[in-house]
Amino acid sequence: MYGFLKVLLVALALAAPAEARDYPRYPAAGSTYVPLDSWIYPALERLAALGYIHTQFAGIRPWTRLECARLIDEAGERVQQEDMGPAEAIRLYRALEKEFAEQLGALGGGRNRGLRLESLYTRFTGIGGTPLTDGFHFGQTIVNDYGRPYHEGANVVTGFSARGVAGRFAVYVRGEYQHAPSSPALSEQARNVIAAADGKPVEPATPFPAVNQFRLLDTYVAVNLENWQVSFGKQSLWWGPGSGGPLLFSNNAEPIYMLRISRAMPFKLPTVFAWLGPVRTEFFVGKLSGHRFPPRPFVHGQKFSFKPTENLEFGFSRTVIFGGVGHPLTPRSFLRSLFSPATSGAPPDPGDRRFGFDFTYRIPGLRKWLVVYNDALTDDDPPLRTLRRSAMRPGIYLPQIPRLPKLDFRAEAVYTDIPGTPTRRIIPGKYFYWNGQYHDGYTNKGNLLGSWVGRAGRGIQLWSTYWLSPQSTIQVAYRHATVSPEFIEGGGALNNIAARANLFVRADLCITSFIQYERWSFPVLSTNSRSNVTASFQLTFWPQSRSQ
């Protein structure tokens, strides 16, 4: 049934007349995606939470630059209707309008052609004390950072990004040099615990070598076909609302090579389905790296998001790991993984399946003050059918605080440690993010594709941001997580508090500084509690800002 609904929705979208599909009608022009770590997403999300954007889809990112321009165009209409609106909304709107001036022109039928160096950046991160680097088993000191390597000592990242468009076509390149120090091998006890948790052989006592490598991050070519953007290359996804990291797909791991088909701008379904409002959908198939049990598996995913009212957004999503050595990849096996029934234990094995459901809701009467959201994940079965066996990540967002309009607040909880049911026993650590056929789990190069909380974990995150300007912010944050002792012998916990400053000293130059204190306790790794301090400094230069 689930597979049939997916096919039906796509067929309806493709079969509908153009004037019914597009919402609204814009020229089909090529556009690159905005990187997930850009200042643009928090700014647009805050502008939407303040009530100036009603067709933003928070559950599917990244957005193309043309989609961002469409959202800014929508916000501009409402700002003018409210006689320029409050100062915070105006500042956000003006900064975003300047950033996307070219794309706003293209939406109006202007020229869509250009090639430019987008950014140059360098980051130094010093870590004093032993950090956590294995989120698949224990925890991570640094999360949602594209899977960049880090260890105790000096860590360096230096890179660039460039983009180009020509009519329907677009290209994006982001590459960087990465350095991380070496690290001692794990103890015999830790290696034995990991082997038992994963169902794999015990690894040898090999130290982690120093890393000196050049890596491509988001790097792809794309073409826009009637506002369906088809792209191929290394790409990142963020499938869920909030800031802590979606349960199904985030940028916690290095981008994967994928073929991706995305509805770049919303459309409306025809006839009786119009009540679902604007719709966005996305499909991808890609290759995972770093797996050995079995090697070279593939993954595909689909997501549908709907906006029936200006306050409510909800979405359904799914990913499946399939293929790999020992699991022949054929058209038949691919179709079986794509359209398999949403129940477990149906032979032959269709692959390692995960289903997600998320929603975002702006509270009526408090639409400029409070947004609530939730992200749910389950294994094999859709979350709406098995709520008791679903991982959850609920959250709230206050875009402004009474009497403090430049201050916001966000809180999220997350858990993947769920009890069993009378009819089904759930083994901690072997339900979410792990599979009996794919023992390397839901990872790419060892890093989780989903939430940093990992397997059989519980956690909370708190953030408060002071907006000096739309681009310049100061943020304080707290993060806490625990790991079940039924999964990792003795269990474990981590606590960290952090502060981040993102300061644009000029229109084309940004200084980002970050400091974090962390204390963790995992008896398998150390008999005593450990602490570490992470300090980071980054310079980013945007040549195109100077040219504008």
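Criteria and thresholds
- Residues numbered from 1 in each chain as written.
- Predicted model: local features only at pLDDT ≥ 70, side-chain atom pairs only at ≥ 80, totals over all residues.
- Heavy atoms only, no water.
- Core = buried A, V, L, I, M, F, W, Y, C linked by side-chain atoms within 4.5 Å.
- Buried < 20%, exposed > 50% of the residue type's maximum accessible area, 1.4 Å probe, protein only.
- Helix = DSSP H or I, 4+ residues; strand = E, 2+ residues; numbered from the N terminus.
- Contact = heavy atoms within 4.5 Å.
- pLDDT = per-residue confidence, 0-100.
- Phe/Tyr/Trp six-rings, centres within 6.5 Å; stacked < 30°, edge-to-face > 60°.
- Lys NZ or Arg CZ within 6 Å of the ring centre and 35° of its normal.
- Patch = residues over 30% accessible without salt bridge, like charges linked within 9 Å, V, L, I, M, F, W, Y side chains within 5 Å.
- Areas by Shrake-Rupley, 256 points an atom, 1.4 Å probe, with all protein chains shown as cover.
- Salt bridge = Lys/Arg side-chain N within 4 Å of Asp/Glu carboxyl O.

Draft legend 1. Expanded view of the nonpolar core. Within the largest apolar cluster, 45 residues are counted, with the highest numbers of intra-cluster contacts made by Phe249, Ile256 and Phe284. Contributing elements (two or more residues each) for this core: helix H7 (188–198), strand E9 (256–263) and strand E22 (473–483). For this core, the element with the highest residue contribution is H7, accounting for 4 residues. With near-sequence residues (within four places) excluded, Phe249 lies in contact with Leu237, Trp238, Trp239, Ile256, Phe284, Thr319, Tyr442, Leu449 and Gly450. Ala29, Leu66, Cys68 and Cys510 belong to the second largest nonpolar core, which has 40 residues in total.

Draft legend 2. Fine view of the confidence of the model for the protein chain. The predicted model of the protein chain has a mean per-residue pLDDT of 89, with 90% of residues at 70 or higher. Ignoring residues within four places in sequence, the model shows residues 1–9, a span with pLDDT below 50, making 14 contacts including any to other chains. Below pLDDT 50 for its whole length, residues 11–22 participates in 21 contacts with residues either more than four positions away or in separate chains.

Draft legend 3. Broad picture of the packing of aromatic side chains. For the structure on display, the rule yields 17 aromatic pairs. When the ring of Phe322 is compared with that of Phe334, the centres are 5.6 Å apart and the planes differ by 50 degrees; the resulting orientation is tilted. Within this pair, whereas Phe322 is found in strand E13 (residues 312–322), its partner Phe334 is found in helix H8 (residues 331–339), the two being separated by 12 residues in sequence. The class of Phe334 is partly exposed, set by a relative accessible area of 23%. Following the ring pairs from residue to residue traces out a cluster consisting of Phe306, Phe314, Phe316 and Phe357. Above the face of the Trp434 ring, Lys430 is positioned so that its terminal group lies 5.2 Å from the ring centre.

Draft legend 4. The arrangement of a nonpolar patch on the surface in detail. On the surface, a nonpolar cluster with roughly 470 Å² of combined accessible area is contributed by Leu115, Val171, Val221, Phe232 and Leu259. On the secondary structure map, Leu115 appears in strand E1 (residues 113–128). The class for Leu115 is exposed, based on a relative accessible area of 73%.

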